[in-house]
Number of protein chains: 2
Amino acid sequence: MSKAVKLAIVGLGNRGHGMLGSPIIPMAKEGEVEIVAVCDLLQDRVDDVKQIVTDNGLPTPFGTTKLAELLAIEEIEAVYIAVSWEAHVSVAVAAMEAGKYVGLEAGGAYDLEDCYRLVRTYERTGSELMLMENCCYGKRELMMLNMVRKGVFGDVVHCNGAYCHDLRTEIIAGKEIKHYRLRNYLLRNGENYPTHEIGPIAKLLDINNGNRFVSITSVASCAKSMHQYVVDTKGADHPLAQVDFKQGDVITTLLTCAGGQTVCITLDTTRPRAYSRRFEVLGTKATYLEDNDSLFIDGNEEHRKHEWAIWDKMWGNAKEYEEEYLHSLWKDGVGNDMHGGIDHLVFAAFITAVRDGLHPPIDVYDAATYMAITVLSEQSVAHGGMPIPFPDFTAGRWTIRADIADNAYTLDRLDKHDLYHADSAY
Amino acid sequence: MSKAVKLAIVGLGNRGHGMLGSPIIPMAKEGEVEIVAVCDLLQDRVDDVKQIVTDNGLPTPFGTTKLAELLAIEEIEAVYIAVSWEAHVSVAVAAMEAGKYVGLEAGGAYDLEDCYRLVRTYERTGSELMLMENCCYGKRELMMLNMVRKGVFGDVVHCNGAYCHDLRTEIIAGKEIKHYRLRNYLLRNGENYPTHEIGPIAKLLDINNGNRFVSITSVASCAKSMHQYVVDTKGADHPLAQVDFKQGDVITTLLTCAGGQTVCITLDTTRPRAYSRRFEVLGTKATYLEDNDSLFIDGNEEHRKHEWAIWDKMWGNAKEYEEEYLHSLWKDGVGNDMHGGIDHLVFAAFITAVRDGLHPPIDVYDAATYMAITVLSEQSVAHGGMPIPFPDFTAGRWTIRADIADNAYTLDRLDKHDLYHADSAY
């Protein structure tokens, strides 16, 4: 067995707590990681997590409410960050400055300069940052990536994605646990959680690796659902029934790419509905739609028969292609976690990258690009859907991504087609 | 039986021919219409259609290649127009000038002024125009309209729609039959066929009846699919393999409404896929998705169980609501035609309006609004997705739609909630 990666966890709220339970504690039991230290602003969370680790028969980690104390611990190699959205960048920058390999949870940015801060800190310190975007490791997302690489889709011309998740209960839940969502929904208006949608699409479209986003347009619907929900569940006299939620119920965002592709992503988090990331890949030779899990391949006579299959003729047929095209990461088994395996996969990729000194599969340029969508979306919404130019965080190196890999001040060993380094099959 | 409406048909290509077969000839046999005259630029089509009518035991209609000859026939009450897209407005205006009640087939406009021409001609002559948008009469479209009117969705905040139809064969087919599609795909780039998508959504959102579109943004993907298809099916030496198709493969268009709602429509007509209009209604209290025919209603415990139903738990459950919410037009039986009943419904609405002197359920303001989307989409695409202001063809009367109904120079008897006049149930 290889040496355990010495890990710190910063942010012990819902997400940090969940990841601790799985995959982190199981990986610690298997000797892949050692939980050296944990940190949260709230002492009770720190105490709680220390107890959980100890109860699992693992060495009790150092616990602190002070980030600097944790970052001063030299033996810590990797810092997994699951703090509030607003603290993501400052905590990540501090950890990189301390020479740690950062795993940063999903979330959008608040200002473009913060995205540049991540990039510049990486370029100056050489400390790597991986965006812990678990949806990049989704079963269908990886399968379609595999099929795109194998040419099944021909040229991909458009992708759709979404974060459709009824978060109403979470948004108005206890201020301690979910405070950051509530204040964001009260005060902001834009694509506040883009990375689940855009991560898998960006990988599939080679964003920052031969392609880049050129422009972005975003519109927001009216904000009626949260008020309705508060009135229905808490009554018209509840304090939250007296305030305006600025966040539109549905945010639709269009991106254009240097390669000519377009992308449409939707944020839909305040309404009654079933969860969906409605991942869709539209190519010159095939079409995949997640909402009915259908795969239509050009020239397939069976599919052609269902040309007018508005209803259920093709629904679910993507399953038939799993044997041939399921990504090797999924074929190998994915472990158990609260999100059906993807938390395990993203964390394993992170730990592997730290242990082996690899450039992360979702790197600081990707993180800056995906997180910038929130900022640019807010700007476009505020300007009535005006297209906003998309920054190039690679400063042109997306045209020859190997440039970044060869850069002397990075540890980069990225191969363009080795985005998921546990696999070289596609 | 009421007196037969004296009908002329202008445009005897694929669509005019299809509508003749059903519902027009069956309605003629039942004495609801009399096919008085037919017109096409091509004499062979005129002769062919005269023969078909005669072979069905009906009186032989007058046939001509000259529109003016047909419009000069005084007894003709109604003119159904199914000409090429480019001729829609000029033929419709000529027919209105001649005092005929016009039924105009689906298609987009080429210039905003043409949309105003339709409106001004109607306002000056009092000749009514109905847009023959059959998808407004779709089973799910009418059912959701019914449910929205009954409050099941709460406030609708966003709708999606699309025209996803693999038209590759038709686009490159014989120049005589489909010439207008080919030239449009070679030369233009935008949402060239918006009415199927936007018609049902506009009705549901009360567009021109208390609501209106305020702005529109459109982006086009690269155009790779037609070239691929020509090469694959005709070979790299085919003349169409030597030219550029300007029409992007996927056009995504965002509309904002005065009422705060947003709409996203997609044109996807050059790629391999199953047909879909992916009609979607997102409200504060319910969600309908056509692609898996699922209906999620707030407070429904059964639905709530499927909150994480990414896959098939809820697929097809909208059927369970048909008994309670199917629109009466569908409950009454819809007849047979090539589009599963909707051609019959739209034509019956048209003939009823003509016979009873009613303002049409999809009127000239609606026609101008829906058709303008093509023009505005092209403008936005050409400006890199710039939002374009949406004209108000009602000149402010959308705020009190009864104003139009009471207008002295119209025959208008429109009731805001009687859009589909065969029904007053919702």
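Since this is a predicted model, take the numbers as computed values, not measurements. (Residues numbered from 1 in each chain as written. Chains lettered and ligands numbered in written order. Predicted model: local features only at pLDDT ≥ 70, side-chain atom pairs only at ≥ 80, totals over all residues. Heavy atoms only, no water.)

(A) Highlighting the overall build of chain A. For chain A, the helix and strand inventory stands at 16 helices and 14 strands. Taken over 426 residues, chain A has a buried fraction of 64%. Taking the contacts inside chain A whose residues are at least 6 apart along the sequence as the reference set, 76% of them involve residues at least 24 apart. Only carbon and sulfur atoms are counted for the fraction: they give 51% of the accessible area of chain A, which is about 14600 Å². (Helix = DSSP H or I, 4+ residues; strand = E, 2+ residues; numbered from the N terminus. Buried < 20%, exposed > 50% of the residue type's maximum accessible area, 1.4 Å probe, protein only. Contact = heavy atoms within 4.5 Å. Areas by Shrake-Rupley, 256 points an atom, 1.4 Å probe, with all protein chains shown as cover.)

(B) Up close: the interface of chain B and chain A. Taken residue by residue, the interface counts 63 residues in chain B and 63 residues in chain A. Summed over both partners, the interface of chain B with chain A buries about 5500 Å², with 60% contributed by carbon and sulfur atoms. At the surface where chain B touches chain A, the tally comes to eight salt bridges. Measuring nitrogen to oxygen at the nearest pair gives 3.2 Å for the salt bridge that ties A:K285 to B:D232. Contributions of two or more residues to the side of chain B that touches chain A are made by β7 (156-164), β8 (213-220), α10 (225-234), β9 (250-257), β10 (262-268), β11 (280-283) and β12 (286-289) of chain B. Counted by class, the side of chain B that touches chain A contains 23 nonpolar, 21 polar and 19 charged residues. (Buried area = accessible area lost by both parts, 1.4 Å probe. Salt bridge = Lys/Arg side-chain N within 4 Å of Asp/Glu carboxyl O. Nonpolar A, V, L, I, M, F, W, Y, C, P; charged D, E, K, R; others polar.)

(C) Looking closely at the side chain of A:T270. All names here are of chain A. With respect to the helices, strands and loops of the structure, T270 is situated in the loop between β10 (262-268) and β11 (280-283). Taking relative accessible area as the criterion, T270 reaches 0% and is therefore assigned buried. Within the structure, the side chain of T270 is placed 2.8 Å from the side chain of D249, a separation counted as a polar contact. (Polar contact = N/O pair within 3.5 Å; in protein donor to acceptor, adjacent residues only side chain to side chain.)

(D) Representation of the sheet that holds β10(A) within the structure. All names here are of chain A. In spatial order, the strands read β13-β12-β11-β7-β10-β9-β8-β14; together these eight strands make up an open sheet with mixed pairing. Looking along the sheet, the strands with just one partner apiece sit at the ends: β13 (294-297) and β14 (388-389). When β11 meets strand β12 (residues 286-289), the two strands line up antiparallel, connected through three bridges. Counted as the bridge partner of V281 is Y288 from β12. Packed on one face of the sheet, helix α9 (residues 195-204) meets β7 (156-164), β8 (213-220), β9 (250-257), β10 and β11 and runs near 160 degrees to β7. (Pairing = 2+ DSSP bridges. Axes fitted to C-alpha atoms, helices over the stretch in contact; angles between N-to-C directions.)

(E) Summary view of the packing of aromatic side chains. Applying the stated criterion across every chain yields a total of 23 aromatic pairs over all chains. Plain terms: the ring middles of A:Y163 and A:Y275 are 6.2 Å apart, the flat faces sit at 85 degrees to each other, and that makes the pair edge-to-face. Placement of A:Y163 in strand β7 and of A:Y275 in the loop between β10 and β11 is noted, with a sequence separation of 112 residues between them. The residues A:Y163 and A:Y275 share a single accessibility class, namely buried. Seen from their ring centres, B:Y116 and B:F393 are 4.8 Å apart, and the 55 degrees between their planes marks the pair as tilted. You can see B:Y116 sitting in helix α5 (residues 112-125) and its partner B:F393 sitting in the loop between β14 (388-389) and α16 (402-406), a full 277 residues away along the chain. According to the relative accessible area criterion, B:F393 is buried, its value standing at 1%. An aromatic cluster is present here, built from A:W85, A:Y163, A:Y180, A:Y193 and A:Y275 joined pairwise through their rings. The side chain of A:R181 reaches across the aromatic face of A:Y193, ending 5.3 Å from its centre. (Phe/Tyr/Trp six-rings, centres within 6.5 Å; stacked < 30°, edge-to-face > 60°. Lys NZ or Arg CZ within 6 Å of the ring centre and 35° of its normal.)

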